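Each chain is listed here by its residues.
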Amino acid sequence: MSQGTLTKKDFVSNQEVRWCPGCGDYSVLSSVQSVMPEIGVPKEKIVFISGIGCSSRFPHYMNTYGFHTIHGRAPAVATGLKLANPDLSVWVITGDGDGLSIGGNHFIHAIRRNIGLKILLFNNKIYGLTKGQYSPTSNVGTKAKSTPYGSLDRTFNAVSVAIGAGATFIARTIDTDPKHMQETFKRASEHNGTAFVEILQNCVIFNDKIHAPVTAPANRDDNQLRLIHGKPMLFGKDNKKGIRLNAQTYSVEVVEIGVDGITEQDILVHDENVPNPSLHFLIGDLNLPAALGVIRSVEIPKYEDEVHDQIKHIQELKGKGNLNKLLKGNETWTIE
Amino acid sequence: MNQAAPTIDKQGQEVDKVVIRFAGDSGDGMQVTGSQFTTTSGIAGNSLATFPDYPAEIRAPQGTIPGVSGFQIQFGETNVYTAGDDPDVLVAMNPAALKANIATLRKGTTIVVNQDAFSDNWLEKAGYKTNPLTDGSLNGFRVIEVQVTKLTRLALEDLDLDSRSKDRCRNFFSLGLMYYMYSRNLDSTKKWVQDKFGKKPLVVEANLKALQAGYNYGITVEAIPTFVVKSAPIEPGTYRNITGNQAVVLGFIAASEKSGRPLFLGSYPITPATDILHELSKYKEFGVITFQAEDEIAAICSSIGAAFGGDLAITTTSGPGIDLKTEAIGLAIKTELPLVIVNVQRAGPSTGMPTKTEQADLLQAVYGRHGESPLCVLSPSTPSDCYQITYEACRIALEYMTPVILLTDAYLANGSEPWLVPVSEDLKPIQTKLLNPAEHQDKPFLPYERDKKLSRQWAIPGMAGFEHRLSGLEGQENTGNISSDPMNHEKMTAIRTQKIKNIQNIIPKLEVEGPSSGDLLILGWGGTYGTIRSAAEEARKQGKSVAHAHLKYLNPFPSNIEEVLRSYKKVLVAEINAGQLATLIRNEFLIDAQKLNKVQGQPFKVREIKEAIDSLC
């Protein structure tokens, strides 16, 4: 089947989509379906694997191979599949509870190995499917069903966790901007190795408008830092605000061009390819403005390639295995 | 019948069977010593069985009781099915090794001790207040005191090695001495030393010299008795020695080759299953992928992913690991993917006794998941049987699209026996359910459409036109689409249950050793085979009407099991747990099965079974 003839519709499954009306997941689904014909992979080689949670229903709605697994384990299932068949384009769909709480271990280890999975983490900062409990990404003080007096746990920043695990590709996007999502997913699909994308996604029922400070149209200019590789990190209505490195405080700070003698020369230029992740961490950790786009993209060998190269190497060295020889072993004796 | 015994000065006394136990510090190389003695005895044509018994600590404090590592071998000119109840000869490398074993020794047992290790310091570490070699407490035993440390050092005097390295050759001195006592040939061990330490010529020389010195010491010293154990009437052919864990590995590779599906192992280190991971990792030339996952859950989940991708997927673990994998096993049951889960059982609950054997995970294997979640459970009977039964587990998984639990145990995993080397051509073919796209061009594909056996087809990513979604959520019959319909759920439950029952159609009937009806049937499963067989044979020799049946297929049971059970006046279920198979038998057949149980982390002794027989008939 020729890839060129495929359209978004070919990726829409016959299953009725059952997210709540107004859920951010709809626009993510639509964007993923739009991007699929463009990634240059035949449909039968695309697989979506999810864990448990609202977002994890995703594979049912994609007319590709799919596996809706168990809570938190999607990266582990996907790792096995990718090792079994490295030709596949394997996408992991997870959420802030599924990926960073119960599945945190698999999340960091998939990233550590740099196995070629595309991990899309739908971060709505709440447990939706269990009807509203705080999650590892919830803001401190979140009042939810299990925390009527406010949550006490410190908050995970998904991008920081990914950097800590040694991620080679990290991006962040928002459910209110399909164009940005599509560009970001396309970049993720092109990356060699684990590509991690955090999607700031709205839960209309249990945590409505939690990302509004970033995503609301009124805040767009001042609270979104759209990263472009090789360009200074400028934002704001007239692109007059920027990000500067403050070496004294080991941090980045927002400055305004023209104020206190600040010029464009003072503004950090985004380099997604730099091997040292320190600045990527600082940028990803910004609260407002939130860094959007590709934060980090570096190339190292992919795990699945190394696994199969090692097998190939051993087969060249020893020759293909001979079962009867193996059964016999090295030390035998004969009874006559 | 086979190789001639080596020429020695004295004419050895002929004996039918001998049990030797090598015991020393866990760093003393007792396992190597034991396995060398095993190979040499196999080459000499003896029937044999072994059982290593080692501590959980890698190096417990030197010279203490918890640090004692043992290796027991029984070899004979008549058939041997177990490593033996109690040793005829104990080789004790230090006071702790003596103290740890003395309670199990019969009077008259030969004790070979390293006299040099019985200094005040070492006696104290072992908890001896007085020296047992001199305080009379060993009266009634045949004690052979040998200055192993001193003599080894003397033998290696000329070698440019530090004294620690020299002392590490003490086990080979003892081995040489035992080879002398049992009129053994040194060639096989010599060759092993060359192969093992070939890159370190000095180490090769040291070990060979120590081995020879031990042997020569026997020749020189009048007091060392010698014995001859003739070769046993063994089926002619080429033999090798094999442990249960090794045989499992061979079974997996054979199944991969015969089914044409690449082998994928997802595993996480855990005693006593880790050797399977180690061993399989060596065989990359067979295209095997061994993935050491971040935890037990990831281990099985990666295997489930590989199974979805079309591999022969397996995962290996032990009790605590099974607990962790349980939710994922349910996923494999619901999505009907082929998967083999090996549980090398160890003593529980919780961390329990990691290196000690037990058979207490049977009910967990059969029932231990939430929901109605049937699967197939198999268990091999002997170390070498692990090969066949592992192969069977793969065949069933691939033909019935189901997870299969393979229950071995620490006794089977580490125990070894000679194995008549098979050829792969003798294995049954494996007909996988892999979809053939060419046969499906005209009809719509339904992921859960079934054949007569009720197995579904295996369409794997990459097959164009067969895109489908699997899910842990209950699915509609045939389509697998998410469904909470009450009647559909009941129907799917019945289908999944019936599919596992259908496996009964391809498994062999339960065989009985001994009379086909009579006073008593002993029913066992797993690693107790040799012990029960020995006890039942003994009873029959005394004229008792005792039969023995050993289950390898635990879910579903063989089709004739009830008929077999009802052919005897009494049924005794002997197992290393508190009565789990007995529970299944009573539950399923309303038969008043008697129980013989032992929960000590140790295998049965033949006499324990024999005593139970005597009390019943």
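For every chain, the first residue of its written sequence is number 1, and the numbers climb from 1 along that sequence. All chains are assigned letters beginning with A, and all ligands numbers beginning with 1, in the order in which they are written. Under the rules for a predicted model, residues below a pLDDT of 70 receive no local features and side-chain atom pairs below 80 are neither given nor counted, while totals for whole chains, interfaces and linings still include all residues. Only hydrogens and water are removed before side-chain values are computed, so all heavy atoms of the structure are retained for them.

**Q** How should I be thinking about the overall build of chain B in this particular structure?
**A** Helix and strand assignments come from DSSP, with helices taken as H or I runs of at least 4 residues and strands as E runs of at least 2, each series counted from the N terminus. A count of helical and extended segments in chain B gives 20 helices and 23 strands. Note that the radius of gyration is over C-alpha atoms, with the globule rule given as 2.2 Å times the number of residues to the power 0.38. Over its C-alpha atoms chain B spans a radius of gyration of 26 Å, differing by no more than 12% from the 25 Å that the globule rule assigns to 617 residues. When burial is assessed residue by residue, chain B has 62% of its 617 residues classed as buried. When contacts within chain B are restricted to residue pairs at least 6 apart in sequence, long-range pairs at least 24 apart make up 77% of them. Accessible areas in this description were obtained via Shrake-Rupley with a 1.4 Å probe; residue shielding takes into account the shown protein chains only. Surface summary for chain B: the accessible area is close to 23200 Å², and the carbon and sulfur share equals 49%. Here Asp and Glu are counted as negative and Lys and Arg as positive; His is not counted, and neither are the chain ends. The atom standing in for a charge is NZ when the residue is Lys, CZ when it is Arg, CG when it is Asp and CD when it is Glu. In chain B, the 62 positive side-chain charges and the 69 negative ones have mean positions that sit 1 Å from each other. Classification of residues uses two cut-offs on accessible area relative to the type maximum, computed with a 1.4 Å probe and protein chains only: under 20% is buried, over 50% is exposed, and between them is partly exposed. Contacts between residues were defined by any pair of non-hydrogen atoms, one from each residue, lying within 4.5 Å.

**Q** Any chance you could explain the overall build of chain A here in plain terms?
**A** When its secondary structure is counted, chain A shows eleven helices and twelve strands. In terms of overall dimensions, chain A has C-alpha extents of about 95 × 50 × 45 Å along its principal axes. The contacts in chain A between residues at least 6 apart in sequence include a share of 64% that link residues at least 24 apart. Of the accessible surface of chain A, which amounts to about 14700 Å², a share of 51% is contributed by carbon and sulfur atoms. Placing the 35 positive and 34 negative side-chain charges of chain A at their respective mean positions leaves the two points 5 Å apart.

**Q** Would you mind showing me how to read helix H16 (residues 486-502) of chain B here?
**A** Residues and elements named next belong to chain B. With 17 residues, H16 extends 24 Å from end C-alpha to end C-alpha; this agrees with the ideal 24 Å at 1.5 Å per step. Of the residues making up H16, those classed as buried are Asn 488, Met 492, Thr 493, Ile 495, Arg 496, Lys 499, Ile 500 and Asn 502. Packed against the buried residues of H16 are helix H12 (319-335), strand S14 (376-378), helix H14 (385-400) and strand S21 (553-555). The span one expects for a helix is its residue count, reduced by one, times 1.5 Å.

**Q** Help me understand the pairing of strand S9 (residues 241-246) of chain A, please; the structure alone is not making it clear to me.
**A** Residues in a regular strand point their side chains to alternate faces of the sheet. All names here are of chain A. Should DSSP find at least two bridges between two strands, the strands are regarded as paired. Pairing of strand S8 (residues 234-235) with S9, which is carried by two bridges, proceeds in the antiparallel orientation. Of the residues in S9, the one forming a bridge with Leu 234 is Gly 242. The antiparallel pairing of S8 with S9 creates a hairpin that spans five residues between the two strands, and Gly 236 there sits at a positive phi of about 95°. Connecting the antiparallel pair S9 and strand S10 (residues 251-256) is a turn made up of four residues, with Tyr 250 showing a positive phi of about 55°.

**Q** Honestly, the environment of Thr 315 of chain B in this entry has me stumped. Any pointers?
**A** All names here are of chain B. In this fold, Thr 315 is placed in strand S12 (residues 312-317). Residue Thr 315 is classed as buried on the basis of its relative accessible area of 0%. For the pair Thr 315 and Gln 441, spaced 126 residues apart in sequence, the C-alpha to C-alpha distance is 35 Å. Reaching out from Thr 315, the side chain makes a polar contact with the backbone oxygen of Gly 266 at a distance of 2.8 Å. Whenever two N or O atoms come within 3.5 Å, that pair is a polar contact, provided that in protein one can donate a hydrogen and the other can accept it, and provided that, for residues adjacent in sequence, both atoms are side-chain atoms.

**Q** Honestly, a positive patch on the surface in this entry has me stumped. Any pointers?
**A** All names here are of chain B. Residues qualify for a patch when their relative accessible area is over 30% and they have no salt bridge, like charges being joined within 9 Å and the nonpolar side chains of Val, Leu, Ile, Met, Phe, Trp and Tyr within 5 Å. A carboxyl oxygen of Asp or Glu within 4 Å of a side-chain nitrogen of Lys or Arg is what we treat as a salt bridge. Together, Arg 59, Arg 164, Arg 168 and Lys 200 make up a region of like positive charge exposed at the surface. With respect to the helices, strands and loops of the structure, Arg 168 is situated in the loop between helix H5 (163-167) and helix H6 (170-181). Its relative accessible area of 63% is what places Arg 168 among the exposed residues.

**Q** Looking at this structure, how should I read the pattern of salt bridges?
**A** Close approach of charged atoms lets side chains of opposite charge pair. Residue and element names in this part refer to chain B. Applying the stated criterion across every chain yields a total of 44 salt bridges over all chains. The partner of Asp 614 in a salt bridge is Lys 610, with the nearest N and O atoms 3.0 Å apart. Linking Asp 614 with Lys 610, this pair stays in helix H20 (residues 606-616), spanning four residues, or about one helical turn. Note on Lys 610: relative accessible area 7%, which makes it buried. Several salt bridges converge on common partners, so that one network encompasses Asp 85, Asp 86, Asp 88, Arg 106, Lys 605 and Arg 607.

**Q** What is the right way to read the layout of surface pockets from this model?
**A** Any empty space left between atoms is shown by rolling a water-sized probe over those atoms. Residue and element names in this part refer to chain B. What the second largest pocket holds in volume is close to 1300 Å³. Throughout, the protein atoms alone are placed on a 1 Å grid, and a set of points is a cavity if a 1.4 Å probe fits but cannot get out or a pocket if it is open with protein on both sides within 12 Å along at least five of seven lines; lining residues have an atom within 4 Å of a point. Residue lining of the second largest pocket: 39 residues in total, with Thr 382, Ser 384, Asp 385, Tyr 529 and Lys 552 positioned closest to the centre. Among the elements that make up the lining of the second largest pocket, the one with the highest residue count is H14 (six residues). Just so you know the grouping, Ala, Val, Leu, Ile, Met, Phe, Trp, Tyr, Cys and Pro go in nonpolar, Asp, Glu, Lys and Arg go in charged, and all remaining residues, Gly too, go in polar. Looking at the lining of the second largest pocket residue by residue, the class counts come to 20 nonpolar, eight polar and eleven charged. Grid points are joined across faces, edges and corners, and a volume is the space filled by probe spheres set on the points.

**Q** I tried to follow the domain arrangement of chain B on my own but got confused; where do I start?
**A** The extent of an interface is frequently quoted as the accessible surface area lost upon association of the parts. All names here are of chain B. Entries for chain B in the domain assignment read domain 1 (2-228), domain 2 (240-426), domain 3 (437-506) and domain 4 (512-616). Measuring from the centre of the C-alpha atoms in domain 1 to the corresponding centre in domain 2 gives 34 Å. The interface is formed by 13 residues belonging to domain 1 together with twelve residues belonging to domain 2. Both faces combined, the contact of domain 1 with domain 2 buries some 950 Å², and carbon together with sulfur accounts for 56% of it. Buried area: the accessible area, evaluated with a 1.4 Å probe, that two parts lose upon being put together, summed over both parts. Area buried by domain 1 at its contact with domain 2 is led by Thr 50, Phe 51 and Tyr 54, which between them contribute 47% of it. Here the side of domain 1 that touches domain 2 takes six residues from strand S3 (residues 47-53), the largest share from any one element. Residues of the side of domain 1 that touches domain 2, tallied by class, amount to eight nonpolar, four polar and one charged. Domain delimitation in this document rests on an assignment produced automatically or drawn from a domain database.

**Q** I tried to follow the packing of helix H9 (residues 244-259) of chain B against H14 of chain B on my own but got confused; where do I start?
**A** All names here are of chain B. Working convention: axes come from line fits to C-alpha atoms, limited for helices to the stretch in contact. Angles between N-to-C directions cover 0 to 180 degrees. Close contact between H9 and H14 brings their axes to 7 Å; oriented N to C, the two are set at 40°. In terms of their interaxial angle, H9 and H14 are classed as oblique. As for the relative orientation of H9 and H14, their crossing is right-handed in sense. Of the residues in H14, those touching H9 at Gly 244, Ala 247, Val 248, Leu 250, Gly 251, Phe 252, Ala 254, Ala 255, Lys 258 and Ser 259 are Cys 386, Tyr 387, Thr 390, Tyr 391, Cys 394 and Leu 398. In the contact of H9 with H14, the residues fall into eleven nonpolar, four polar and one charged. In these notes the angle categories are as follows: under 35 degrees is roughly parallel, over 145 is roughly antiparallel, 65 to 115 is roughly perpendicular, and the rest is oblique. By definition, turning the near helix anticlockwise from the far helix through less than a right angle yields a left-handed crossing, and turning it clockwise yields a right-handed one.

**Q** Would you take a moment to explain the packing of aromatic side chains for this structure?
**A** Ring pairs (aromatic) are described by centroid distance and by the angle formed between their planes. Between 30 and 60 degrees the pair is tilted, below 30 it is stacked and above 60 it is edge-to-face, where a pair is any two Phe, Tyr or Trp rings, Trp via its six-membered ring, whose centres lie within 6.5 Å. Summed over all chains, the structure comprises 26 aromatic pairs over all chains. Where Trp 19 of chain A meets Phe 58 of chain A, the ring centres are 6.3 Å apart and the plane angle is 40°; that geometry is what we call tilted. Here Phe 58 of chain A lies in the loop between strand S1 (46-50) and strand S2 (65-68) and Trp 19 of chain A lies in the segment before helix H1 (25-35), a separation of 39 residues in the sequence. We classify Trp 19 of chain A as buried; its relative accessible area is 7%. Aromatic ring contacts, followed pair by pair, group Trp 19, Tyr 26, Phe 48, Phe 58, Tyr 61, Trp 91 and Phe 122 of chain A into a single cluster. Counted as over-ring charges are cases with an Arg CZ or a Lys NZ within 6 Å of the ring centre that also lie within 35 degrees of the ring normal. One cation-aromatic arrangement involves Arg 113 of chain A over Tyr 303 of chain A; the distance from NZ or CZ to the ring centre is 6.0 Å. It is Lys 125 of chain B that lies over the ring of Trp 122 of chain B; its NZ or CZ is 4.4 Å from the centre.

**Q** Would you take a moment to explain the interface of chain B and chain A for this structure?
**A** With 72 residues of chain B in contact, the opposing surface of chain A contributes 57 residues. Regarding the contact of chain B and chain A, the summed buried area is about 5400 Å², with carbon and sulfur atoms giving 65% of it. Its largest share of buried area at the contact with chain A, chain B owes to Glu 285, Glu 294 and Arg 469 of chain B, together 13% of the area lost on that side. At the surface where chain B touches chain A, the tally comes to two salt bridges. Between Glu 285 of chain B and Lys 318 of chain A there is a salt bridge whose closest N-O contact spans 3.5 Å. Linking chain B with chain A are 29 residue pairs in polar contact (both at pLDDT 80 or more). Elements with a minimum of two residues in the side of chain B that touches chain A: helix H1 (30-43), strand S9 (237-243), H9, strand S11 (289-292), helix H11 (296-308), H12, strand S16 (416-420) and strand S17 (469-471) of chain B. It is H11 of chain B that provides the largest number of residues to the side of chain B that touches chain A, a total of eight residues.

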